[in-house]
Amino acid sequence: MNIFVLMKRTFDTEEKISIANGKINEEGAEFIINPYDEYAIEEAIQVRDQHGGEVTVVTVGNEEAEKELRTALAMGCDKAVLINIDDDVEEQDQHTVAKVLAEYLKDKNPDLILAGNVAIDGGSGQVGPRVAELLGIPYVTTITKLEIADGGKVTVVRDVEGDEEIIETSLPLLVTAQQGLNEPRYPSLPGIMKAKKKPLDELELDDLDLDEDDVEAKTKTIEVFLPPKREAGKILQGELADQVKELVHLLRSEAKVV
Amino acid sequence: MDFSLTKEQQMIKEMVRDFAEKEIAPYAAKWDEEAHFPLHVFRKMGELGLLGLPFPEEYGGAGGDTISYAIAVEEIGRACGGTGLSYAAAVSLGASPIYYFGTEEQKQTWLVPMAKGETLGAFGLTEPNAGSDAGGTRTTAVLDGDEYVINGEKCWITNAQYARQVIVTAVTGKDARGKNIITALIVPTDSLGFTIRSNYDKMGVRASNTCELVFENVRVPKENVLGDPQKGFNQFLYTLDGGRISIAALAVGIAQAAFEKALQYAKERIQFGQPISKFQAIQFKLADMAMEIELARNMVYKAAWLKDQGKSFTKEASFAKLFASEMGFRVCNQAIQIHGGYGYMKEYGVERHLRDIKLMEIGEGTSEIQRLVIARQLGC
Ligand SMILES: Cc1cc2nc3c(=O)[nH]c(=O)nc-3n(C[C@H](O)[C@H](O)[C@H](O)COP(=O)(O)OP(=O)(O)OC[C@H]3O[C@@H](n4cnc5c(N)ncnc54)[C@H](O)[C@@H]3O)c2cc1C
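None of the values given here were measured: they were computed from a predicted structure.

Asker: Can you walk me through the overall build of chain B in this structure?
Answerer: When you go through chain B residue by residue, the secondary structure sums to twelve helices and ten strands. Computed over C-alpha atoms, the radius of gyration of chain B comes to 21 Å, within 12% of the 21 Å expected from 2.2 N^0.38 for 380 residues, which places it in the range of a compact globule. For chain B, the spread of C-alpha atoms along the principal axes amounts to about 80 × 45 × 40 Å. Buried residues in chain B amount to 56% of all 380 residues.

Here it is in structure tokens:
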């Protein structure tokens, strides 16, 4: 089976994030594999181990992403591809990344493509579905279970706001991984040592027969800001009826939500 | 000169940190309280290849360098000092001597399963009456036909209760000048007459297993001699040089954990209307702690690098061990000071670091012995 994983290097949102010149300050930020992509990588490895084939992990990013690709190789992926468009495309958005990935994938005959359901930085959840649309293959998002029968029939369990939806579909297919799909493995030491010997290809826009214009961002970022600091809460006291009155008053006059 | 870690070293650091934060740190206080040796964690570390980190692939290892090994010890030690000590002892004392001095057959028999994480090993040098003065070993091994017969006692031997074999040093004769000839022997722990007890109630590193060994006419085949039968003494000196790098790394890890807690606490604790981290007295403590930890870490990496380059590293390993353990004690002590009364309470988890780190100034050569080693290297 020809399996691809779409992976993003993101900053760790559990670490402190600061903003400088309207952008997230990358100095001192910790970078990781997008956690949802880790589920995708783990699932890809499990599918390969069960059905045979090869797992290629692909990222659109800069040289820094080599570490995350190597980590995916250390976990067990077979090949890695780094598509570096930083020099060619200044403004990038989901359209850019999806277009680049689809262009890369279109002649690779993928049977299965796995991605994270959302990246924890941008949080749009668009790249996976967009790639599937561009390739003209079915996709299922936020999956928590994947079963591929020998005949090629695929059964997917999808998380819908806490409920489960069971979907039957077929290959080729793109799925995006939700928490609960699996427990990603740690890269083992022999895995880490072997990762440096596995193939890691680097491609640029030119290699994909794409022009800047084809992938120019379709959205514009107006402003980037941190959420307001959480104010201390207020605990109302007194008779219940008075508390309710006070609450309604505060919701009107202070919070201005009703 | 290049101070950056390689990609592999970075990946190892992240993997071990991730593993230690999830599988070790949340339980460290409990293991400390109950003096529990987390055998299952060693199984998992084995599966990840951590127990074979610095050994070549042909012996079941991962082929990592000493710097990567030091990084792994630091990260495990940052989560739990006791687990860190047992990890460092398993690799540096249990397995390394067989890798350094063993025959091919001994490596296949004893090293490969350890490197794969299937078994643990221990190293028994210290005796009730021979600590710093290891040359004063009293345990004896007498050749009787094709077997050595061992009698004597060892104390404070890390991991022995869970080990498949212990490398034991014993006196096998006297040289021309009348000095003891010390030989190292590989002794399977299921040998007849070999008793292993673990009843010590330790101050710190309580998750580490520490044992008393008693040998009563224990017989091992003479093929179990490790290395040159005349040179057991020099062999363990070399082994300890390597082990000191790992103890230094462990001290850095414990100190790092204490520092992180102190820094966070200082930013949160309000006195006189502001976080105590705004007081210069506290800031200076934190600045010193951060600086000393980084200096020690650099010395650990340098000693490890020298070892990887095949250069002499005796003096630098002692520098690293001596400085890291003493700075670690200062850092853990100040971390409690910054916490005030809360730091004195077990609940806050900083007092454990001080108890754990104290061992670093004692094990694998006390601070006094490190100064002796350094002075000797200076030609005194
Ligand atoms: C938890 C734990 C785990 C251990 N694990 C192992 C293990 O796995 N294997 C093993 O073989 N051993 C192990 N040890 C033993 C450890 O290596 C010894 O405790 C250490 O070498 C010191 O020996 P000692 O305790 O007999 O102290 P002593 O040698 O009696 O020293 C007492 C004091 O005198 C000082 N002193 C001694 N000689 C001199 C001198 N010439 N000049 C100046 N000062 C001197 C010392 O520095 C120290 O301060 C372990 C110990 C502990 C506590």
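Asker: Explanation requested: the overall build of chain A in the structure shown.
Answerer: For chain A, the helix and strand inventory stands at seven helices and 13 strands. A separation threshold of at least 6 residues defines the contact pool for chain A, and within that pool the share at least 24 residues apart is 70%. Here chain A has roughly 14,800 Å² of accessible surface; of this, 44% comes from carbon and sulfur atoms. Taken as two groups, the 28 positive and 54 negative side-chain charges of chain A have centres that lie 4 Å from each other.

Asker: Looking at this model, I keep getting lost on the interface of chain B and chain A. Mind explaining?
Answerer: Interface extent is often summarised as the accessible area lost during association of the parts. Opposite the 20 residues of chain B that make contact, chain A presents 15 residues. Taking both sides of the interface into account, the surface hidden between chain B and chain A amounts to around 1,500 Å²; carbon and sulfur atoms contribute 71%. On the chain B side of the contact with chain A, B:Lys7, B:Glu8 and B:Met11 bury the most area, a combined 37% of that side's loss. Counting across the interface, chain B meets chain A through three salt bridges. Across the pair B:Glu14 and A:Lys67 runs a salt bridge whose closest N-O atoms are separated by 2.9 Å. Our enumeration of links across chain B and chain A arrives at three residue pairs in polar contact (both at pLDDT 80 or more). Counting residues per element, the side of chain B that touches chain A draws most heavily on helix H1 (residues 7–23) of chain B, at eleven residues. Taken together, the residues of the side of chain B that touches chain A break down into eight nonpolar, four polar and eight charged.

Asker: Please explain a positive patch on the surface as it appears in this structure.
Answerer: On the surface, A:Lys16, A:Lys229, B:Lys267 and B:Lys278 cluster together to form a positively charged patch. Locating B:Lys278 in the fold gives a position in the loop between strand E10 (274–275) and helix H8 (280–308).

Asker: Is there a simple way to explain the domain arrangement of chain B in this structure?
Answerer: Residue and element names in this part refer to chain B. Taken domain by domain, chain B holds domain 1 (7–120), domain 2 (122–230) and domain 3 (234–377). The straight-line distance from the C-alpha centre of domain 1 to that of domain 3 is 20 Å. The interface is formed by 26 residues belonging to domain 1 together with 30 residues belonging to domain 3. The interface formed by domain 1 and domain 3 contains three salt bridges. Among the salt bridges present, the one from Arg355 reaches Asp32, with a minimum N-O distance of 2.8 Å. Seen at the junction of domain 1 and domain 3, the total is seven residue pairs in polar contact (both at pLDDT 80 or more).

Asker: When you look at the UniProt feature "domain: Electron transfer flavoprotein alpha/beta-subunit N-terminal" (unreviewed entry) in chain A in this model, what are you seeing that I'm missing?
Answerer: The feature "domain: Electron transfer flavoprotein alpha/beta-subunit N-terminal" (unreviewed entry), as given by UniProt, occupies residues 21–212 of chain A in the numbering adopted here. Taken end to end, residues 21–212 of chain A is 29% helix and 30% strand, and its first and last C-alpha atoms sit 25 Å apart.

Asker: Honestly, the sheet that holds strand E9 (residues 139–148) of chain A in this entry has me stumped. Any pointers?
Answerer: Strand pairing within a sheet occurs via backbone hydrogen bonds; the two strands may be parallel or antiparallel. Residues and elements named next belong to chain A. Pairing in this open sheet of nine strands is mixed, and the strands run E11-E10-E9-E12-E8-E1-E6-E7-E13 from one edge to the other. Either end of the sheet is taken by a strand with one partner, and the two such strands are strand E11 (163–170) and strand E13 (200–203). Averaged over all pairs of adjacent strands, the angle between strand axes in this sheet comes to 30 degrees, irrespective of strand direction. Running over the sheet, helix H2 (residues 66–75) touches strand E6 (54–60), strand E7 (79–83) and E13 and is turned about 165 degrees from E7.

Asker: How do you make sense of the nonpolar core when you look at a structure like this?
Answerer: Nonpolar side chains in soluble globular proteins generally cluster together in the buried interior. A:Ile41, A:Leu146, B:Ile24, B:Leu50, B:Tyr87 and B:Val300 are the most contacted members of the largest nonpolar core, which totals 138 residues. If one sorts the elements of this core by residue count, helix H7 (residues 232–268) of chain B sits on top with 16 residues. Not counting residues up to four positions away in its chain, the partners in contact with B:Val300 are B:Ala70, B:Ile245, B:Ala248, B:Ala249, B:Val252 and B:Ala320. The next biggest cluster of nonpolar side chains, apart from the first, holds 25 residues, and it includes A:Val100, A:Leu101, A:Leu105 and A:Val131.

Asker: Which parts of the structure should I look at to understand the pattern of salt bridges?
Answerer: Proximity of charged atoms lets side chains of opposite charge pair with each other. Residues and elements named next belong to chain B. Under the criterion given, the structure shown has 41 salt bridges over all chains. Where Asp241 meets Arg244, a salt bridge forms, and the shortest distance between an N and an O atom there is 3.5 Å. Taken together, the positions of Asp241 and Arg244, both in helix H7 and three residues apart, correspond to about one turn of that helix. Residue Arg297 is joined to Glu294 by a salt bridge in which the shortest nitrogen-to-oxygen separation is 2.8 Å. Linking Arg297 with Glu294, this pair stays in helix H8, spanning three residues, or about one helical turn. With relative accessibility at 11%, the residue Arg297 sits in the buried group. Salt bridges linked by common partners bring Lys13, Arg17, Glu21, Glu75, Arg78 and Glu260 together as one network.

Asker: I'm lost on the pairing of strand E3 (residues 147–158) of chain B in this one. Help?
Answerer: In regular strands, side chains alternate between the two faces of the sheet. Residue and element names in this part refer to chain B. As paired elements, strand E2 (residues 140–144) and E3 share five bridges and run antiparallel to each other. Looking at E3, one finds that Ala141 is bridged to Ile150. Counting the residues between successive antiparallel strands, the hairpin from E2 to E3 contains two residues, one of them, Gly145, with a positive phi of roughly 65 degrees. As paired strands, E3 and strand E7 (residues 210–221) are joined by nine bridges and run antiparallel to one another. Along E7, the bridge assignment pairs Lys154 with Leu213.

Asker: Explanation requested: H2(A) in the structure shown.
Answerer: Side chains that are three or four residues apart share a direction in an α-helix, a result of its 3.6 residues per turn. All names here are of chain A. Of all ten residues in H2, nine are buried; the element is thus mostly enclosed. When we look at burial in H2, the residues that qualify are Lys67, Glu68, Leu69, Arg70, Thr71, Ala72, Leu73, Ala74 and Met75. Downstream of H2 by one or two residues, Gly76 has phi in the positive range, about 140 degrees.

Asker: What's the story with the environment of B:Leu51 in this structure? I'm lost.
Answerer: All names here are of chain B. Within the secondary structure, Leu51 sits in the loop between helix H3 (39–47) and helix H4 (66–79). With relative accessibility at 3%, the residue Leu51 sits in the buried group. When the C-alpha atoms of Leu51 and Tyr69 are compared, they prove to be 9.5 Å apart, with 18 residues separating the residues in sequence. Residues within four places of Leu51 in sequence aside, it is in contact with Phe42, Met45, Gly46, Tyr87, Ala90, Val91, Met114, Ala115, Gly117 and Leu120.

Scoring rules and cut-offs
- Residues numbered from 1 in each chain as written.
- Chains lettered and ligands numbered in written order.
- Predicted model: local features only at pLDDT ≥ 70, side-chain atom pairs only at ≥ 80, totals over all residues.
- Heavy atoms only, no water.
- Helix = DSSP H or I, 4+ residues; strand = E, 2+ residues; numbered from the N terminus.
- Rg over C-alpha atoms; globule rule 2.2 N^0.38 Å.
- Buried < 20%, exposed > 50% of the residue type's maximum accessible area, 1.4 Å probe, protein only.
- Contact = heavy atoms within 4.5 Å.
- Areas by Shrake-Rupley, 256 points an atom, 1.4 Å probe, with all protein chains shown as cover.
- Lys, Arg positive; Asp, Glu negative; His and termini not counted.
- Charge placed at Lys NZ, Arg CZ, Asp CG, Glu CD.
- Buried area = accessible area lost by both parts, 1.4 Å probe.
- Salt bridge = Lys/Arg side-chain N within 4 Å of Asp/Glu carboxyl O.
- Polar contact = N/O pair within 3.5 Å; in protein donor to acceptor, adjacent residues only side chain to side chain.
- Nonpolar A, V, L, I, M, F, W, Y, C, P; charged D, E, K, R; others polar.
- Patch = residues over 30% accessible without salt bridge, like charges linked within 9 Å, V, L, I, M, F, W, Y side chains within 5 Å.
- Domains from an automatic or database assignment.
- UniProt positions renumbered as here; feature names shortened; annotations may be inferred.
- Pairing = 2+ DSSP bridges.
- Axes fitted to C-alpha atoms, helices over the stretch in contact; angles between N-to-C directions.
- Core = buried A, V, L, I, M, F, W, Y, C linked by side-chain atoms within 4.5 Å.

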